[in-house]
Amino acid sequence: MSSYDTLRHFADSWGLVFMGASYLVLVGWHFLPRGRAHSRAASTMIFKDREETEADHG
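What you are looking at is a predicted structure, and each value in this text was computed from that prediction instead of being measured. (Residues numbered from 1 in each chain as written. Predicted model: local features only at pLDDT ≥ 70, side-chain atom pairs only at ≥ 80, totals over all residues. Heavy atoms only, no water.)

Colleague: Any details on the overall build of the protein? Residues and values, ideally.
Modeller: Check the secondary structure of the protein and you find two helices and zero strands. The 58 residues of the protein split such that 3% are buried. Accessible surface for the protein amounts to roughly 5800 Å². Of this, 66% is attributable to carbon and sulfur atoms. (Helix = DSSP H or I, 4+ residues; strand = E, 2+ residues; numbered from the N terminus. Buried < 20%, exposed > 50% of the residue type's maximum accessible area, 1.4 Å probe, protein only. Areas by Shrake-Rupley, 256 points an atom, 1.4 Å probe, with all protein chains shown as cover.)

Colleague: Would you mind going over the packing of aromatic side chains in detail, with residue names and values included?
Modeller: Applying the stated rule across the entire model yields zero aromatic pairs. Sitting over the face of the ring of Trp29, Arg34 holds its NZ or CZ atom 5.2 Å from the ring centroid. (Phe/Tyr/Trp six-rings, centres within 6.5 Å; stacked < 30°, edge-to-face > 60°. Lys NZ or Arg CZ within 6 Å of the ring centre and 35° of its normal.)

Colleague: Describe the UniProt feature "transmembrane region" (unreviewed entry) in the protein, and please don't skip the residues or the numbers.
Modeller: This chain's UniProt record puts "transmembrane region" (unreviewed entry) on residues 13-32. Helix makes up 80% of residues 13-32 and strand 0%, with an end-to-end C-alpha separation of 29 Å. (UniProt positions renumbered as here; feature names shortened; annotations may be inferred.)

Colleague: Describe helix H1 (residues 3-28), naming the residues involved and giving the relevant values.
Modeller: A rise of 1.5 Å per residue sets the reference length of H1, with its 26 residues, at 38 Å; its end C-alpha atoms lie 35 Å apart and thus fit the reference within 8%. Helix geometry: H1 is bent most strongly at Ala11, by close to 40°. (Expected span 1.5 Å × (residues − 1). Bend = angle between axes of the 7 residues up to and from the residue.)

Shown next as structure tokens:
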């Protein structure tokens, strides 16, 4: 077997498992109790220190 075939077999099997596990960890991280506060702060970060404009009052 050539090194390409070996690498391809590894990527098709264990690479997929690694990518799937990484995805689940990264997505699940935001649902942990300490991660929830950080996610909420990050989602409203763009609205902090915002000056009101005439368009805000219709």
